[in-house]
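Structure assessment
Each chain is listed here by its residues.
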Amino acid sequence: AAELSKADLQSRLANDSPELQGIAGRYYAAVELAPVEVANAIDEAYMPRFAGDDVAPSQLGQVVAIAERLDTLAGGFAAGLKPTGNKDAFALRRNALGLARTIIERDLDLDLPRLLDTARTTLGAIGANASSEELYDFILDRLRAYYADKGVPPQQFEAVAALRPASLLDFDRRIAATGAFATLPEAEALAAANKRIRNIL
């Protein structure tokens, strides 16, 4: 699936209609009698394609989608293409959110900093131009809007982000836990007591 995932980019169909990337690949792979799981994964590697789109449904599609986005992000940062302002010619913001959504929404307990390190090292010498910490922060920044859209208050997001969990699935569970804690009647008093103790210490 990974070896064939970009083959359709060599076709005139994908050049003339970029929105068919992956979709064309799925059909080409089916014609070449590739296993249906492989053909579907070629298409799913591009999911989510836009805001509100589903993430890859199959495990194979998820693996290829995650690998694709890790490579794109590490390569983009290594080449000095980090987005500035509204400019994001290589859709690195969309790739970062797609990566995070796939991990979170498919309940994948992965060590993100380790994956980012691996993506950087596969680039060879140029990979040294990208920082795993900077990539991690970039992905977290995309999650800020993702959770805001879900109604998560900024202070809850920042409380979890300050811990920098290695697993985005753990990050998501901590967001849910802090939200549940905030609804407790004793939450305000406990938070105030905790703050006071920390200040004294």
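Everything below is about the structure printed above this text.
Here is what the cut-offs are and how they apply
Residues numbered from 1 in each chain as written. Predicted model: local features only at pLDDT ≥ 70, side-chain atom pairs only at ≥ 80, totals over all residues. Heavy atoms only, no water. Helix = DSSP H or I, 4+ residues; strand = E, 2+ residues; numbered from the N terminus. Expected span 1.5 Å × (residues − 1). Buried < 20%, exposed > 50% of the residue type's maximum accessible area, 1.4 Å probe, protein only. Contact = heavy atoms within 4.5 Å. Salt bridge = Lys/Arg side-chain N within 4 Å of Asp/Glu carboxyl O. Axes fitted to C-alpha atoms, helices over the stretch in contact; angles between N-to-C directions. Parallel < 35°, antiparallel > 145°, perpendicular 65-115°, else oblique. Left-handed = near helix turned anticlockwise from the far one by under 90°. Nonpolar A, V, L, I, M, F, W, Y, C, P; charged D, E, K, R; others polar. Arc of directions from axis to C-beta.

Below, the discussion takes up helix α7 (residues 132-149). Helix length check: α7 (18 residues) gives 26 Å between terminal C-alpha atoms against 26 Å at 1.5 Å per residue, within 8%. Within the span of α7, buried status applies to S132, L135, Y136, F138, I139, L140, R142, L143, Y146 and Y147. If you follow the buried residues of α7, they end up packed against α4 (59-78), α5 (92-105), α6 (112-121), α8 (154-161) and α9 (168-182). Just downstream of α7 lies G151, where phi reads positive at about 85 degrees.

We now examine the pattern of salt bridges. Pairs can form between side chains of opposite charge once their charged atoms are near each other. This structure, assessed with the given rule, holds 11 salt bridges. In this structure, E68 and K6 form a salt bridge, with 3.3 Å as the shortest nitrogen-oxygen distance. Of the two residues, E68 is situated in helix α4 and K6 in the segment before α1 (12-16); the sequence distance between them amounts to 62 residues. Given the relative accessible area of 32%, K6 is considered partly exposed. For the salt bridge of K82 with E134, the shortest nitrogen-to-oxygen distance reads 3.2 Å. In this pair, K82 sits in the loop between α4 and α5 while E134 sits in helix α7, placing the two residues 52 residues apart along the sequence. You can call K82 partly exposed: its relative accessible area is 40%.

As a further point, take the packing of α8 against α9. Two numbers describe how α8 lies on α9: the axes approach to 9 Å, and their chain directions differ by 135 degrees. Put simply, α8 runs oblique to α9. When the axes of α8 and α9 are compared, the crossing they make is right-handed. Of the residues in α9, those touching α8 at Q156, F157, V160 and A161 are F171, R174, I175, T178, G179 and A182. Taken together, the residues that form the contact of α8 with α9 break down as six nonpolar, three polar and one charged.

Within the sequence span of α6, burial applies to L112, L116, A119 and R120. Mapping the buried residues of α6 onto a view down its axis gives an arc of 100 degrees, with all of them on the same face. Opposite the buried face of α6, at more than 90 degrees from it, the exposed residues are R114 and T121. Where the residues of α6 are buried, they touch α4, α5, α7 and α9.

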